[in-house]
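Per-entry structural report
Residues per chain are reported as follows:
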Amino acid sequence: MREADNIKNVANIQYISYLGFIFYPKSSRYVGADWPKETLVSVPNAVQKVGVFVNESTENVISILQKYCLNIAQLHGEETPAQCDQIRAAGFGVWKAFSLDNNFDFEQLAAYAPHVDCFVFDAKGAHYGGNGHTFDWQVLKKYKLNTPFLLSGGLNPDNFGQAVTQAATLPQMVGLDLNSGFEHSPALKNTEALAAAFTTFSGQ
Ligand SMILES: O=C(O)c1ccccc1N[C@@H]1O[C@H](COP(=O)(O)O)[C@@H](O)[C@H]1O
């Protein structure tokens, strides 16, 4: 998200725990170089703010997190466990995203597990994120670590219920990462679609 009113409206939807802001200049959701930090004043303290980065220097990640008073860095590139540690040492949470397909090597996650708070399991695609398509969630049965993860990649109003059902079978799955499938246009969330999906969720 990018616009103050849209951010405020989404933040006030029940069940929203985190809001994400893209600090990757090549993304159509990029907040921009001179994004005013006042844009975030209406976000309640109960809702944590996540900065999304792709292969940004550790120094820049920390500086942006500090500038916008964000809580967590979501890293979508080839960031190392050492970088994750450095960001955590600066006082921030770290979510490391991985792009999954049926051939994903779950062994590689062990090196990251001690250095992150959560994994984000996204679908492999042409871009680092925001591809708008899913992966075969059955592959998640191969995940054996205790580190929690968010299910990501192509979630939309049509598959939201099925994604919620997945959580019941995967104890480490702690949330859903909703992005392009719940937008009017890049960076502008569809608050009605979000609210409707959560109404369904609360009924289960
Ligand atoms: O959304 C983007 O443009 C983006 C660009 C670069 C890295 C991450 C990005 N978004 C993240 O991608 C996943 C999946 O998004 P989608 O549901 O497939 O659209 C999600 O974690 C977004 O935060």
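Residues numbered from 1 in each chain as written. Predicted model: local features only at pLDDT ≥ 70, side-chain atom pairs only at ≥ 80, totals over all residues. Heavy atoms only, no water.

Per an unreviewed UniProt entry, the protein chain carries the name N-(5'-phosphoribosyl)anthranilate isomerase and comes from Flexibacter flexilis DSM 6793. Listed under Pathway (unreviewed entry) in UniProt, the entry text for the protein chain is "Amino-acid biosynthesis; L-tryptophan biosynthesis; L-tryptophan from chorismate: step 3/5." Listed under Sequence similarities (unreviewed entry) in UniProt, the entry text for the protein chain is "Belongs to the TrpF family." (UniProt positions renumbered as here; feature names shortened; annotations may be inferred.)

**Things to note about the site of the ligand**
Lining the immediate surroundings of the ligand are 20 residues, of which Ser-27, Arg-29, Gly-132, Asp-177 and Ser-180 lie closest. Ser-27 places a side-chain nitrogen or oxygen 2.6 Å from an oxygen atom of the ligand. A distance of 2.5 Å separates an oxygen atom of the ligand from a polar side-chain atom of Asp-177. In isolation the ligand exposes 510 Å². Once the protein is present, 97% of that is buried. Considered class by class, the residues forming the shell around the ligand number 5 nonpolar, 12 polar and 3 charged. (Near = heavy atom within 4 Å. Polar contact = N/O pair within 3.5 Å; in protein donor to acceptor, adjacent residues only side chain to side chain. Areas by Shrake-Rupley, 256 points an atom, 1.4 Å probe, with all protein chains shown as cover. Nonpolar A, V, L, I, M, F, W, Y, C, P; charged D, E, K, R; others polar.)

**Notes on the pairing of strand 2 (residues 48-53)**
The side chains of a regular strand alternate, first on one face of the sheet and then on the other. Burial analysis of strand 2 places 5 of its 6 residues in the buried class, which makes it a mostly covered element. As paired strands, strand 1 (residues 18-22) and strand 2 are joined by 5 bridges and run parallel to one another. Paired with Leu-19 across the strands is Lys-49, a residue of strand 2. Alignment of strand 2 against strand 3 (residues 72-75), held across 4 bridges, turns out to be parallel. Bridge pairing in strand 3 places Val-50 opposite Ile-72. (Buried < 20%, exposed > 50% of the residue type's maximum accessible area, 1.4 Å probe, protein only. Helix = DSSP H or I, 4+ residues; strand = E, 2+ residues; numbered from the N terminus. Pairing = 2+ DSSP bridges.)

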